[in-house]
Amino acid sequence: MLSDQDIFRLLRDIWVVETGKRRSNGPQFLDLKLESDLSDATWGIDSIEFLDIAGIVNEMFQLHKTGIEDNLLRYRSLDRWVEIVSTSWKHEQSAITFRTSGSTGAPKTATHLIESLLQEVDELASAFEGRQRIISMVPSHHIYGFIFTILLPKVLNAPVIEGREFGASAFQSQLSSGDLIVSFPFNWVYLERSMGSWPKGVQGVTSTGPMPSDQHLRLLDSGIEVLTEIYGCSEQGGIGLRRLPDEPFQLFSYWKRKNSSEDMLIRSFNDGTEKEIVPEDTLEWYGENTFKPIKRRDGAVQVAGVNVYPDKIAETISQHEHVKECVVRLADELPIPRLKAFIIPEGEVANEVFNSLKVELENWMKPMFSASERPVYLKFGSSLPLNSMGKIIDWSIE
């Protein structure tokens, strides 16, 4: 099912993302070719990190089922890794494992039967019928990228163009009527600001996080023919879609609501089996098959497409010796939402000391958090902002 080119794209994205987590000087997207030496000393990846990345590849492609996973350690070139995965998948290709975002939370794995992913792709093929090319702006080794840039193109018989290879002006010149751009909200902000206008007949799809309504409308106004938003997650796959901002999502045909008093969903598979799941968000229902996600059950919010956990971040900041209490929230009033923190300093702190404490905390947080996790707006006070019921309320970043 997977071609050698598909496997190369998947391995390249795994290698770039995983080395980027470990080294600031790891390979960039365009650095990795089929003949690339994965043990290149200029990247500084040591034997322990190499073993860890090999384990992630084994995990994703289930290489242990055919017993050839150790070959990843024996051969250090990307073309040999492609050969190893290809050989394994010729014998065993029933399931694949994806990793969720692990920012301020341990990464989770989600294993999907290929048959269930193809069930979703069949649904999507009807929704995107007539698209002639897929323009990928996403990593292929996450479930969203895998479905839209690996599996869907095969059903649509549409070639995949790697849009990440081009700058904004070159990217625009590559587009033509019939294209489907696969991207995510943070990247759509960049594209909208960089492009200005779009060729006629170009459509888009977005997922991995909520698309702000005003951003969706601006993209439509600038010439995107249709922008489809997919609701789902790594653990459960796609659940529904919508094509206009603020309208409810429509459940895919293989999902149904268990009953009117619960958020629990039931997925029906092609073999007649069913599975009950609880979606990661609480849902507001507008009918048996239409809904809107309201709030994450685990308290996560998204910053630049990354799941982060404000309560855990606030707990870490509160451990600083000069911080008595801290609350972290998403500053969603910004064009690109970032985190903000309300901080009560330890002891009596005069107003003139706040600025020096702010600088100290900003410097302290830089190595502590990733860019998505780090609050960029700090506000200080002697008490938390509370309403008349004693509950914490939102605050302005000004």
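Residues numbered from 1 in each chain as written. Predicted model: local features only at pLDDT ≥ 70, side-chain atom pairs only at ≥ 80, totals over all residues. Heavy atoms only, no water.

Draft legend 1. Structural detail: the overall build of the protein chain. Assigned secondary structure in the protein chain consists of eleven helices and 19 strands. Its C-alpha atoms put the protein chain at 70 × 55 × 45 Å along the principal axes. The buried share among the 398 residues of the protein chain stands at 48%. Partitioning the intrachain contacts of the protein chain with sequence separation of at least 6 by distance along the chain shows that 56% fall at a separation of at least 24. (Helix = DSSP H or I, 4+ residues; strand = E, 2+ residues; numbered from the N terminus. Buried < 20%, exposed > 50% of the residue type's maximum accessible area, 1.4 Å probe, protein only. Contact = heavy atoms within 4.5 Å.)

Draft legend 2. Structural context of the sheet that holds strand S18 (residues 338-345). Pairing within the open sheet is mixed, and its three strands lie in the order S17-S18-S19. In the strand order of this sheet, the two ends are held by strand S17 (323-331) and strand S19 (377-380), each with one partner. Each strand axis lies, on average, 20° off the axis of its neighbour in the sheet, ignoring direction. Pairing between S18 and S19: four bridges, direction parallel. Within S19, the residue paired with Phe 342 across the bridge is Lys 379. Against the sheet, helix H10 (residues 310-317) makes contact with S17 and S18, and its axis sits at roughly 150° relative to S17, the strand it touches most. (Pairing = 2+ DSSP bridges. Axes fitted to C-alpha atoms, helices over the stretch in contact; angles between N-to-C directions.)

Draft legend 3. Fine view of the packing of aromatic side chains. Taken as a whole and judged by the stated rule, the model has 15 aromatic pairs. Taking 5.6 Å as the distance between ring centres and 75° as the angle between the ring planes, the aromatic pair formed by Phe 50 and Trp 81 counts as edge-to-face. Placement of Phe 50 in helix H2 (residues 47-61) and of Trp 81 in helix H4 (residues 78-91) is noted, with a sequence separation of 31 residues between them. Take Phe 50 and Trp 81: they sit in the same class, and that class is buried. Pairing Phe 128 with Phe 148 gives two aromatic rings, centres 5.7 Å apart and planes at 80°, and the pair type is edge-to-face. (Phe/Tyr/Trp six-rings, centres within 6.5 Å; stacked < 30°, edge-to-face > 60°.)

Draft legend 4. Summary view of helix H6 (residues 143-156). In this model, H6 (14 residues) spans 18 Å end to end at C-alpha, consistent with the 20 Å of a helix rising 1.5 Å per residue. Among all positions in H6, only Ile 143, Tyr 144, Gly 145, Phe 146, Ile 147, Phe 148, Thr 149, Ile 150, Leu 151, Leu 152, Pro 153 and Leu 156 are buried. Of the residues one or two after H6, Asn 157 is the one with positive phi, at around 55°. (Expected span 1.5 Å × (residues − 1).)

Draft legend 5. Region of interest: the sheet that holds strand S10 (residues 255-257). Read from one edge to the other, the open sheet built from three strands follows the order S10-S11-S12, with strand pairing classed as antiparallel. A single partner strand is all that each edge strand has here, and the edge strands are S10 and strand S12 (274-277). Strand-to-strand, the axes of this sheet are offset by a mean angle of 25°, without reference to chain direction. Note: strand S11 (residues 265-268) against S12, four bridges, orientation antiparallel. Note that in S12 the partner of Leu 265 across the bridge is Ile 277.

Draft legend 6. Representation of the nonpolar core in the model. Core analysis: the largest hydrophobic core is formed by 66 residues, its most contacted members being Leu 11, Val 57, Phe 61, Trp 81, Leu 117, Phe 146 and Phe 148. Considering each element in turn, this core owes the most residues, nine residues, to H6. Apart from residues lying up to four places away in sequence, Leu 117 is in contact with Ile 96, Phe 98, His 112, Ile 143, Phe 146, Ile 147 and Leu 151. With 18 residues, the next largest nonpolar core counts Val 308, Ile 317, Ile 343 and Met 365 among its residues. (Core = buried A, V, L, I, M, F, W, Y, C linked by side-chain atoms within 4.5 Å.)

Draft legend 7. Structural context of the side chain of Glu 18. Residue placement: Glu 18 occurs in helix H1 (residues 4-22). Assessed through its relative accessible area of 5%, Glu 18 is described here as buried. Among all residues touching Glu 18, those that are not within four sequence positions of it are Ile 53 and Ile 56.

Draft legend 8. How the structure looks around the side chain of Glu 120. By the element assignment, Glu 120 lies in helix H5 (residues 114-127). No salt bridge is formed by the buried Glu 120. Its closest oppositely charged neighbour is Arg 267, at 5.0 Å. Ignoring sequence-local partners within four residues, the contact set of Glu 120 consists of Ile 147, Gly 237, Gly 238, Phe 252, Tyr 254 and Arg 267. (Lys, Arg positive; Asp, Glu negative; His and termini not counted. Salt bridge = Lys/Arg side-chain N within 4 Å of Asp/Glu carboxyl O.)

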